[in-house]
Amino acid sequence: MRIAVTGSIATDHLMTFPGRFGDQLIADQLDRVSLSFLVDDLQVRRGGCAANIAFGMGSLGLRPVLVGAVGTDFADYRSWLERHGVDCDSVHTSEVHHTARFLCTTDDDHNQIASFYTGAMAEARLIELGPIAERLGGLDLVLVSPNDPDAMLRHTDEARDRGIPFAADPSQQLARMPGEDIRKLVDGAAYLFGNDYERGLIEQKTGWSGEEILERVGVRVTTLGPKGVVIDRRGEPSLHVSPAPENGKADPTGVGDAFRAGFLAGLAWELPLERCGQLGNLTATHVLERVGGQEYELGQRAFVERFAAAYGTEAAEEAGRFVRCHHA
Ligand SMILES: Nc1ncnc2c1ncn2[C@@H]1O[C@H](COP(=O)(O)OP(=O)(O)OP(=O)(O)O)[C@@H](O)[C@H]1O
Ligand SMILES: [Mg+2]
């Protein structure tokens, strides 16, 4: 099964300021702020929803096709993703903009001053799925994850027009997109992803009830954080899949993306939905245990063992026939 993963590709630059922002701001001079914070730590993390998801799928042994827009500074990130099995040949490189970048400084009180530079991501709307499908001899599923809003609408339209099944994952972009656009992203999707907060937001913004949404999408997948995931289909009882026990929490950034990676891997291997949910949960757990969305390494033996511990040996054997982690 050929899966194209569309969405953002970005890096996060995270700095820590030893002090308090408030001490530097002078109340009656806020009209001429000119501050420089001497920071003592810089962490650069690879991120972006599509890149995180493709990384996870590649780490499980698949060859996902990453579709998004980057800048000429992408070379190192590209080779990292390619080393993890991601097909980057359909990534669009801007001639003028840098890859999207999130810059965030946190002070001792956990106050944050952040900026998100969209950069090359705005060019994702120029990407056409047609030539990608042609290069690969067809596409079986297109995931539309958070990206330039026009790109999300365009990829969805194109998938619909070409009769390629698509999965809607509007997540972080729900907040800024109008209901009319969200309806277009969701209607007719083979799969709809979101966490429980986003589930409510989708219903509120589209004006469609949960039942109406189930009439418009094939499968609705709602992640519940520490409670695992619930999978809904019209006319069938909901399927709840318990989380995979974690060995300590480090940072939740990217858990949702990792869940999607595992779930989509299960779909690619044509495993039943319960197995897909289990694969999603276990992949997400690996991200939870690390700081950053792509800082985990999957080892074949350890992954299958953890799968067995969480979901039983039979389930682990079934998944283990397909999982091909990069490390032994
Ligand atoms: N404490 C936890 N223990 C085990 N698994 C967890 C825990 N928290 C999250 N997960 C796993 O991660 C999945 C996704 O979590 P969540 O619903 O919080 O996603 P999210 O809100 O989209 O996250 P984000 O957008 O920050 O990546 C869950 O379905 C579950 O499998
Ligand atoms: Mg999320």
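Sequence order as written defines the numbering, with residues in each chain counted from 1. Chains and ligands are labelled by the order in which they are written, letters from A for the one and numbers from 1 for the other. Confidence filtering applies because this is a predicted model: local features only for residues at pLDDT of at least 70, side-chain atom pairs given and counted only at 80 or more, and all residues used for totals across whole chains, interfaces and linings. Remark: hydrogens and water are excluded; side-chain values derive from all non-hydrogen atoms of the structure.

**Section: the packing of helix H11 (residues 300–311) against helix H12 (residues 313–320)**
At their nearest, the axes of H11 and H12 sit 7 Å apart, and the two run at 145 degrees to each other. Crossing angle aside, the handedness with which H11 passes H12 is right-handed. Where H11 abuts H12, its residues Gln300, Val304, Phe307, Ala308 and Tyr311 lie against Thr313, Ala315, Ala316, Ala319 and Gly320. A class-by-class count of the residues in the contact of H11 with H12 yields 7 nonpolar, 3 polar and no charged. Each axis is a line fitted through C-alpha atoms, taken for helices only over the stretch in contact, and angles between the N-to-C directions span 0 to 180 degrees. Each helix corresponds to a stretch of at least 4 residues labelled H or I by DSSP, and each strand to a stretch of at least 2 residues labelled E; elements are numbered beginning at the N terminus. Here a crossing is taken to be left-handed if its near helix is turned anticlockwise relative to the far helix by less than a right angle, and right-handed if that turn runs clockwise. Every residue pair with non-hydrogen atoms within 4.5 Å of one another is taken to be in contact. Polarity classes work like this: nonpolar for Ala, Val, Leu, Ile, Met, Phe, Trp, Tyr, Cys and Pro, charged for Asp, Glu, Lys and Arg, and polar for all others, with Gly in that last group.

**Structural notes on the site of ligand 1**
Nearness of a residue to a molecule or strand requires only that one of the residue's heavy atoms be within 4 Å of it. Within the structure, ligand 1 sits among 19 residues, and Asn195, Thr223, Gly228, Gly256 and Asn281 are positioned closest to it. Think of a polar contact as two N or O atoms within 3.5 Å of one another; within protein, one of them needs to be a possible hydrogen donor and the other a possible acceptor, and neighboring residues in sequence only count if both atoms come from side chains. Between ligand 1 and Gly225, the relevant distance is 2.9 Å, taken from an oxygen atom to a main-chain nitrogen or oxygen of the residue. Looking at the shell around ligand 1, the elements with two or more residues in it are helix H9 (255–268) and helix H10 (273–288). The dominant element in the shell around ligand 1, judged by the number of residues it contributes, is H10, at 4 residues.

**Regarding the UniProt feature "domain: Carbohydrate kinase PfkB" (unreviewed entry) in the protein chain**
UniProt positions are given in the numbering used here, feature names are shortened, and annotations may be inferred rather than shown by experiment. Taking the numbering used here, the UniProt-annotated feature "domain: Carbohydrate kinase PfkB" (unreviewed entry) corresponds to residues 26–295. Counting secondary structure, residues 26–295 comes out at 36% helix and 19% strand; the distance between its end C-alpha atoms is 39 Å.

**What about the pairing of strand E2 (residues 10–16)?**
As judged from the 7 bridges shared by E2 and strand E3 (residues 41–47), these two strands associate in the antiparallel manner. Residue pairing for E3: Thr16 is matched across the bridge by Asp41. We treat two strands as partners when DSSP finds at least two bridges between them. In this structure, E2 lies alongside strand E7 (residues 100–106), joined through 7 bridges in parallel fashion. Looking across to E7, one finds that Leu14 is bridged to Cys104.

**Describing the domain arrangement of the protein chain**
By a frequent convention, interface size equals the accessible area lost on bringing the separate parts together. Domain delimitation in this document rests on an assignment produced automatically or drawn from a domain database. Parsing the protein chain into structural domains produces domain 1 (1–19 + 40–142) and domain 2 (224–321). Computed over C-alpha atoms, the centres of domain 1 and domain 2 are 22 Å apart. Salt bridge, as applied in this entry: a Lys or Arg side-chain nitrogen positioned within 4 Å of an Asp or Glu carboxyl oxygen. Taken together, the connections running from domain 1 to domain 2 amount to 1 salt bridge. Between Glu295 and Arg45 there is a salt bridge; the shortest N-O distance is 3.8 Å.

**Thoughts on the side chain of Asp87**
Here Asp87 lies in the loop between helix H3 (75–83) and strand E6 (92–93). Partly exposed describes any residue whose relative accessible area lies between the buried limit of under 20% and the exposed limit of over 50%, with all areas from a 1.4 Å probe on protein chains only and scaled to the type maximum. Residue Asp87 is classed as buried on the basis of its relative accessible area, which comes to 4%. One polar contact links Asp87 to Arg135, side chain to side chain, over a distance of 3.1 Å.

**So, a nonpolar patch on the surface**
Patch membership needs two things, relative accessible area over 30% and no salt bridge, and members are linked within 9 Å if like-charged or within 5 Å if nonpolar (Val, Leu, Ile, Met, Phe, Trp, Tyr). Surface accessibility follows the Shrake-Rupley procedure with a 1.4 Å probe radius. Residue values consider only the protein chains on display as shielding. A cluster of nonpolar side chains, Leu25, Leu30, Val33 and Leu35, forms an exposed patch at the surface whose accessible area comes to about 340 Å². Looking at the element boundaries, Leu35 is found in the loop between helix H1 (21–24) and E3.

**Things to note about the environment of Glu211**
Its place among the elements puts Glu211 in helix H8 (residues 210–216). Residue classification places Glu211 among the exposed residues on the basis of a relative accessible area of 65%. Distance from Glu211 to Gly228, taken between C-alpha atoms, is 21 Å for residues 17 residues apart in sequence.

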